[in-house]
Amino acid sequence: MNSNSRSASEDTENQFDYYVDAEDIDDDEGDPDFEDDEEELDEDDMTHDLFEYEDEFHGTQDLWPSHSVTRLTRAYTEAEEGNIQFLVQMENDDEGAAGATGSQSPDAERIAVQQRLISLISRRTGLLSQRQVLDFLRRSNLGHLVFGDGDEEGEHAFQFGYQRRRRTADPDRFPKVPSEKGRELMESGTFGANEIRSPISSQKRLARRILDRELGIGDRMTRRINQGVMAQSMIPSSEPEMIIHYDDNVYSGQFSDDGNFFFACVKDMKVRMYDTSNPYNWRHYKTVPFTFGSWTLTDASLSPDNKWLAYTSIQSNVCLAPTDPNDTGDPYMLNLSESGRVGWRGGFGIFSIRFSGDGRELVAGTNAHSIVVYDIESRRVLHTIEGHEDDVNAVCFADKSSPHILYSGSDDTTIKVWDRRSMGDGREAGAFVGHIEGLTYLDSKNDGRYLLSNGKDQSMKLWDLKMMYTTAKFREMNPRQHTRFSEFDYRWGRFDDADWFPHPNDNSLVTFRGHRVLRTLIRCHFSPPGSTNSRYVYSGSHDGKVWVYNMDATVAGVIDVRKTTSKAAETLPPRRTRRSWYENDTPNGWTTVVRDASWHPNAPFIAASSLNGWDNSLGTVTVHSYNESSMDEGEPRMGVGYDEKLNRLDSGQPLCHSDRQPEREERREDDNDMFSDSDFDD
């Protein structure tokens, strides 16, 4: 809210909806059903207690700058299922302005206002630290009330005691790009093929390779290499094939291993399932709920046979739903808590879930610092291991074909390696060290060797199982001594590169930097072998983009989802935009955070799942394909918007209709031919 741009009559009641990630809800106090042991405190009592000194605050009008004497008449803090909101109403006080003496200096006035406002918001509830409140005020339009124009965060940081102790920064401390080790991997053949350098443009080289394929030029090995190079050259563009709009945030979305299925986990506690056997012609066929879920859906995993989908929330239950469209029964509930408790007392929240390679077990990472192994057939917990010092945000298996080796990544900055055959003693088989902030996601190449991780230190890392530390070595080094006092809160602040340092015990292969891991647990992945020749790694980003990297840490491509969705927002019906008065530091107020992305295994498509809107209250899945040009002569046109059931928002017609123009069908057939291995069968 800006008093220079809005009149007092307009500023009657405005609301700040500040985004809080699901990871924030990890204490009993976050439970909407939580009751204090000493006394029950209802909303009215809490408000009264919070502002019992309201009159005293109003009496300190001389603390406000004389050029804009303003009175804070009401401040209200509410926590409902972890959604923290501030309601602040401001009124111009002309009479107070006339009588203000302003005996203090501007800096002293500003500091006094800071102290009073921080005290009002955080004194009773304890929900927010002083640093979080300051970060919120700075990023909102209330910042001008407590920070002078051009003030830097560190100027008055000492007033609240949160300034981080700086290390002596080495200007050459950042990883070298291109990475020499990454270049070796690219040349090894494990991550795609290297194309011979040529003065011919990339489009002409691609056309020549297609011609060679059609003419059958070369032996079998030459044709296979030719096809792999064609596949890895087709990085999807920012122009979307379509945009699916949701009335809530989309937290994750993934294609099945065969590309025939896509699911989207939405904050409204529902999973949408789509038939994507034709990547140009999606079909919605099922929506399944998570009954009595908490805050949001956090993760989902498909069984190896694609018949079951396991999905989770911030509780110890796992929903198990059949993917068969003809099975309309309720999902099964599996309780992963050994105590049998589901709620906040005695239970826990699940951040990550994965099927084992044989489909018989589930492995979960929890906010109780634990890894849980659950047998589906017997419906019992096999192991609950508190293997980390903080939340376990990610788990995955080293090889989908094997149920033995699995990984866990935690906010304690470490990655643990576990052997299912020896988990009974609670000891890890090994560990990876290198991130200096918490882990947000893990992805395996499914070859039993390479692992990819995303971290809140704004970096993505590639690991080799052969280079892991043994348990004895890990404990001898005590690598946590270098990161034990890490205090960056990725949900509220912005990471300062001055705080980044190379971990002394880093045993990763390659470090990728450029994307932003802020506000939510952003995910990263290996690109699939079928459609990309395993050439790339890619990640979502807080800046609204999908970043695609070569293995040597150079940027191979960037897909700008924010640009796409912000354009589409102008054509949405008013009920879907829900534009509020809240504006932030982006040019048009529209923000996008790409939380997850999935590369189609057989075609040059990426589906990006995002949180977006003017206040990040909406969600989209944008489908991006490889296009040589933004010109589009097919129908429906590129970039058309659809609702969650794939009805066109501008016409009400479903995406799957019989009069669909044949150009897209022809493109699909061409893509299937391009990525087919039939030419190489013996």
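Residues numbered from 1 in each chain as written. Predicted model: local features only at pLDDT ≥ 70, side-chain atom pairs only at ≥ 80, totals over all residues. Heavy atoms only, no water.

**Considerations on the nonpolar core**
Okay, so step 1: Counting 19 residues, the largest nonpolar core has Ile244, Tyr246, Phe262, Tyr274, Trp282 and Val621 as the members making the most contacts within it.
Okay, so step 2: Among the secondary structure elements, those contributing two or more residues to this core are β4 (240–246), β5 (250–255), β6 (261–266), β31 (605–613), β32 (618–625) and β33 (640–642).
Okay, so step 3: Judged by nonpolar contacts, the second largest core, of 18 residues, contains Leu185, Phe191, Tyr441 and Phe512. (Core = buried A, V, L, I, M, F, W, Y, C linked by side-chain atoms within 4.5 Å. Buried < 20%, exposed > 50% of the residue type's maximum accessible area, 1.4 Å probe, protein only. Helix = DSSP H or I, 4+ residues; strand = E, 2+ residues; numbered from the N terminus.)

**Section: the confidence of the model for the protein**
Okay, so step 1: The pLDDT averaged across the protein works out to 76; a share of 62% of its residues lies at or above 70.
Okay, so step 2: Under a pLDDT of 50 for its full length, residues 139–164 has, in the predicted model, 66 contacts with residues more than four places off or in other chains. (pLDDT = per-residue confidence, 0-100. Contact = heavy atoms within 4.5 Å.)

**Re the pairing of strand β30 (residues 591–599)**
Okay, so step 1: Extensive coverage of β30 is indicated by the burial of nine of its nine residues.
Okay, so step 2: Examined bridge by bridge, β30 and β31 share eight bridges and lie antiparallel to one another. Its bridge partner being in β31, aspartate 596 is matched across the sheet by serine 609.
Okay, so step 3: Connecting the antiparallel pair β30 and β31 is a turn made up of five residues. (Pairing = 2+ DSSP bridges.)

**What to know about the pattern of salt bridges**
Okay, so step 1: What the rule picks out here adds up to 20 salt bridges.
Okay, so step 2: Note that aspartate 552 and arginine 183 form a salt bridge whose closest N and O atoms lie 2.6 Å from each other. A residue pair is termed long-range when its members are at least 10 positions apart, and aspartate 552 in the loop between β28 (545–550) and β29 (555–560) and arginine 183 in helix α7 (residues 180–188) qualify at 369 residues.
Okay, so step 3: Using a relative accessible area of 1% as the deciding quantity, one classes aspartate 552 as buried.
Okay, so step 4: Aspartate 464 is the salt-bridge partner of arginine 449, the closest N and O atoms lying 2.9 Å from each other. Of this pair, arginine 449 sits in the loop between β21 (439–444) and β22 (450–455) while aspartate 464 sits in strand β23 (residues 459–464), and the two are 15 residues apart along the sequence.
Okay, so step 5: Salt bridges sharing common partners tie together Asp268, Arg272 and Glu644. (Salt bridge = Lys/Arg side-chain N within 4 Å of Asp/Glu carboxyl O.)

**Notes on α7**
Okay, so step 1: Within α7, burial applies to Gly182, Leu185 and Met186. Taken around the axis of α7, the buried residues stretch over an arc of 100 degrees, which confines them to a single face. Every exposed residue of α7 that faces more than 90 degrees away from the buried side is listed here: Glu180 and Glu187.
Okay, so step 2: For α7, the N-terminal cap is serine 179; the gap from its side-chain oxygen to the backbone nitrogen of lysine 181 is 3.4 Å.
Okay, so step 3: Two residues or fewer after α7 comes glycine 189, characterised by a positive phi angle close to 95 degrees. (Arc of directions from axis to C-beta. Polar contact = N/O pair within 3.5 Å; in protein donor to acceptor, adjacent residues only side chain to side chain.)

**A look at the environment of arginine 379**
Okay, so step 1: With respect to the secondary-structure elements, arginine 379 resides in the loop between β15 (371–375) and β16 (380–385).
Okay, so step 2: Taking the relative accessible area as the measure of exposure, arginine 379 reaches 46% and is therefore partly exposed.
Okay, so step 3: Residues arginine 379 and leucine 334, 45 residues apart in the sequence, show an inter-C-alpha distance of 7.1 Å.

**Quick word on the sheet that holds strand β18 (residues 405–410)**
Okay, so step 1: The five strands are arranged β17-β18-β19-β20-β24 in an open sheet whose pairing can be described as antiparallel. Only two strands of the sheet have a single partner each, and these edge strands are β17 (392–397) and β24 (469–470).

**Remarks on the sheet that holds strand β27 (residues 536–539)**
What holds strands together in a sheet is hydrogen bonding between their backbones, with the strands either parallel or antiparallel.
Okay, so step 1: Judged by pairing direction, the sheet is antiparallel, and its four strands sit side by side in the order β26-β27-β28-β29 without closing on themselves. Edge strands, defined here as strands with exactly one partner in the open sheet, are β26 (524–526) and β29. Sheet twist, expressed as the average angle between the axes of neighbouring strands with direction ignored, equals 15 degrees.
Okay, so step 2: In this sheet, β29 lies alongside β28 in antiparallel orientation, the contact comprising five bridges. When the bridges of β29 are listed, valine 546 appears paired with isoleucine 559.
Okay, so step 3: Running at roughly 15 degrees to β29, helix α12 (residues 561–569) makes contact with β28 and β29 of the sheet. (Axes fitted to C-alpha atoms, helices over the stretch in contact; angles between N-to-C directions.)

**Topic: the pairing of β15**
Okay, so step 1: Among the five residues that make up β15, five are buried, leaving the element largely enclosed by the rest of the structure.
Okay, so step 2: Neither face of β15 is left uncovered, since the one carrying Ile371, Val373 and Asp375 and the one carrying Val372 and Tyr374 both have all their residues buried.
Okay, so step 3: As paired elements, strand β14 (residues 361–366) and β15 share five bridges and run antiparallel to each other. When the bridges of β15 are listed, valine 363 appears paired with valine 373.
Okay, so step 4: Here β14 folds back onto β15, and the loop between the two strands holds four residues, one of which, histidine 369, carries a positive phi near 70 degrees.
Okay, so step 5: Here β15 runs beside β16; their pairing, made up of five bridges, is antiparallel. Following the sheet pairing, tyrosine 374 is matched in β16 by valine 381.

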